[in-house]
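Chain and residue survey
One letter stands for each residue in the lines below.
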Amino acid sequence: MVPYDVVIIGGGIVGTALARELSRYALSVVLLERKAEVGFGTSKANSGIIHAGAHAPAGTVKGSLEWAGNQGWGPLHDDLGFGFKRVGELIVARDESQLATLDELLAQGRERGVTGLELWEPERIRREEPNVSHDVIRALWAPTAGVVNPYEAVLMLAESAAYNGVEIAVEHEVTGIADAEDGLLSVDTTRRQVIGRFVVNAAGVYSDVIAELAGVRTFTILPRKGEEYLLDKRLAGIVSRIIFPCPTAVTKGILVIPTFDGTIMVGPTAEDVDDREDLSTSATGMRQIFEAASALVPGISEHDVIAAFAGLRPVADTNDFVIGPTARKGFINAAGIQSPGLTSSPAIAPMVVEILADEGLELHERDDWQPTLPRSVHFADLSTDEQIRLAGDNPAFAHLVCRCEYVTEAEIAGAIGRGARTLDGVKFRTRAGMGRCQGGFCTWRCMELLAARRGVPIHELTKRGGDSWLVIERDDATATATPVGGAQ
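Residues numbered from 1 in each chain as written. Predicted model: local features only at pLDDT ≥ 70, side-chain atom pairs only at ≥ 80, totals over all residues. Heavy atoms only, no water.

**What about the overall build of the protein?**
Across its full length, the protein carries 12 helices and 24 strands. In terms of C-alpha radius of gyration, the protein reaches 23 Å, essentially the compact-globule figure of 23 Å for 488 residues. For the protein, the spread of C-alpha atoms along the three principal axes comes to 65 × 55 × 45 Å. A buried classification covers 55% of the 488 residues belonging to the protein. Within the protein, contacts between residues separated by at least 24 positions form 70% of all contacts whose residues are at least 6 apart in sequence. (Helix = DSSP H or I, 4+ residues; strand = E, 2+ residues; numbered from the N terminus. Rg over C-alpha atoms; globule rule 2.2 N^0.38 Å. Buried < 20%, exposed > 50% of the residue type's maximum accessible area, 1.4 Å probe, protein only. Contact = heavy atoms within 4.5 Å.)

**Points about the pattern of salt bridges**
Applying the stated rule across the entire model yields 34 salt bridges. In this structure, aspartate 232 engages arginine 436 in a salt bridge whose closest nitrogen and oxygen atoms are separated by 2.9 Å. Linking aspartate 232 in the loop between β13 (221–231) and β14 (242–245) with arginine 436 in the loop between α11 (423–430) and α12 (443–454), this pair joins segments that are 204 residues apart in sequence. Using a relative accessible area of 12% as the deciding quantity, one classes aspartate 232 as buried. A network of salt bridges, in which partner residues are shared, links Glu118, Arg124, Glu128, Glu129 and Arg241. (Salt bridge = Lys/Arg side-chain N within 4 Å of Asp/Glu carboxyl O.)

**What about the sheet that holds strand β4 (residues 84–85)?**
Read across the open sheet, the three strands follow the order β3-β8-β4; overall the sheet is antiparallel. Taken across any chain shown, the strands that pair with only one partner, and hence form the sheet edges, are β3 (49–50) and β4. The pairing of β4 with strand β8 (residues 146–148) spans two bridges and is antiparallel. The residue bridging lysine 85 from the neighbouring strand is valine 147, located in β8. (Pairing = 2+ DSSP bridges.)

**Description of the confidence of the model for the protein**
Looking at the protein, the pLDDT average stands at 95 and 97% of residues meet or exceed 70. Of the regions scoring below 50 in pLDDT, residues 483–488 engages in 19 contacts with residues more than four places distant in sequence or in other chains. (pLDDT = per-residue confidence, 0-100.)

**A look at the nonpolar core**
Counting residues in hydrophobic clusters, the biggest one holds 51 residues, and the most contacted among them are Leu22, Trp73, Phe82 and Leu356. Those elements giving two or more residues to this core turn out to be β1 (4–9), α1 (13–22), β2 (29–32), α2 (61–80), α5 (150–163), β12 (193–201), β20 (331–335) and α8 (341–358). Contact partners of leucine 22, with chain neighbours within four places excluded, come to Val6, Ile8, Leu27, Val29, Val353, Leu356 and Leu361. In terms of nonpolar packing, the next biggest core, distinct from the first, is built from 27 residues, Ala45, Ile49, Ala142 and Cys246 among them. (Core = buried A, V, L, I, M, F, W, Y, C linked by side-chain atoms within 4.5 Å.)

**Some remarks on the environment of lysine 35**
Counting through the fold element by element, lysine 35 comes out in the loop between β2 and β3. Under the relative-accessibility criterion, lysine 35 is labelled partly exposed at 23%. Sequence spacing of lysine 35 and asparagine 201 is 166 residues, and the spatial spacing of their C-alpha atoms is 16 Å.

**Things to note about the environment of alanine 56**
You can see alanine 56 is positioned in the loop between β3 and α2. The exposure class assigned to alanine 56 is buried, which follows from its relative accessible area of 3%. Note: C-alpha distance between alanine 56 and leucine 105 (49 residues apart in sequence) is 9.4 Å. Leaving out residues up to four positions away in the same chain, alanine 56 has contacts with Lys62, Gly63, Glu66, Gln108, Arg112 and Pro340.

**What about the pairing of β2?**
Both faces of β2 are covered, namely the face carrying Val29 and Leu31 and the face carrying Val30 and Leu32. In terms of strand pairing, β2 meets strand β9 (residues 167–169) through three bridges, oriented parallel. The residue of β9 that forms the bridge with leucine 31 is isoleucine 168.

**Some details on the side chain of glutamate 89**
Along the chain, the position of glutamate 89 falls in strand β5 (residues 89–93). Here glutamate 89 occupies a buried position and makes no salt bridge, while the nearest side chain of opposite charge, lysine 252, is found at 9.3 Å. One polar contact links glutamate 89 to histidine 55, side chain to side chain, over a distance of 2.9 Å. When residues no more than four places from it in sequence are discounted, the contact partners of glutamate 89 are His51, Ala52, His55, Leu140, Trp141, Ala142, Ala145, Ile242 and Phe244. (Lys, Arg positive; Asp, Glu negative; His and termini not counted. Polar contact = N/O pair within 3.5 Å; in protein donor to acceptor, adjacent residues only side chain to side chain.)

**Thoughts on the side chain of asparagine 70**
Locating asparagine 70 in the fold gives a position in helix α2. Of the residues examined, asparagine 70 reaches a relative accessible area of 0% and is grouped as buried. Side-chain polar atoms of asparagine 70 contact the backbone oxygen of threonine 144, separated by 3.0 Å. Those residues in contact with asparagine 70, other than ones at most four positions away along the chain, are Ile50, His51, Ala52, Arg86, Thr144, Ala145 and Thr343.

**Thoughts on α1**
For α1, the tally of buried residues reaches 10 of 10 residues, placing the bulk of the element in the interior. Listed in full, the buried residues belonging to α1 are Ile13, Val14, Gly15, Thr16, Ala17, Leu18, Ala19, Arg20, Glu21 and Leu22.

Dropping the structure here:
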């Protein structure tokens, strides 16, 4: 068995960013992901906020990486073209006791080099964001904050890594880690065994379990569930910036987020849970979110909800990122990557590469490394003339599959060609099923195209892998649609 130079465990934002960073070098690298596609864990349910750089506490690893990570998102977007925009953020104070916190964040941000920070008084706030509550008495404006499509970013980071020679192995759940010959590490999975010189643990909410398998568990992951609610596009423009409440010692609070694609998202909650697979939403969480969100932006209402979902943050009991070598030679942690983990990931990846180099990994830059990917077509973003020309050249662009998001058959086919294996894989690459009807009209056609192009019967397709079946096969060999729970 030929050993890999690096085995990455976990295909979320950290694992895929690291895979792409390692693809710059003449190395053999494999990424092991237990789910059907990368990004299907915590990353797909992320709020999609790129923090401005002033939030994380001083003296922490996450505090040292937040600003550098923020600055890394622009170059990544330029290379790969995923949805990303710097919309800025307003951290608002609603009573006098919160003003000192704004001053502290302003000072901390300036000390880190965060640019453009300003304190706004009520007149400026009303002028710039007229729909924000008139209870707000001051706000900290940070123009460097942004929004990103996190699932799209993960998919494109993985695609870029694969384009440059990294092996992406999905449905490979790690079951054991042991010593192999010549100082190597053996990693057992549900599919096969792999051997590596180095193993990087980027397994999210299961990173302490992976560390336990390696015999070097020094931390515990305490999953923290966050519910989020996506609102109808009729509310697009109610705010143009991310609206934060004034943070407390334990939480950044519930936010109002103008997503890259124009919808408004509100959340998240912060509920500690024991079950690492608990992605349920609740009436209690919904009430909590809309009470808080409507206090910031009174025009927001639960009557505009089109989708509800939840994600789990991998909070370490250290309350900080756990990044570095361990007592087991060759085993490196990149764990406990809670907020601002998404923001920090472009800085985490080169940090881990540097750690690997310090531990003995030889790095030789490749002359043939390709930083960019061929750009896929987003039909809805084109002018009418461009759409007519495309449809004339390729009739598949004349066939709309998703009417809410204006996604064509050609785009669905392109997503499948780039690796979509599930209905969610198609959705996250194209936005088919993300609109007002949440897949009510386009799901079946997406499934027909997925089945035909993958060469599998429709009843073998899943929403997100595992047992998330979409149809059942009857005795008479026909398939009937069955409801699927939640579009997210």
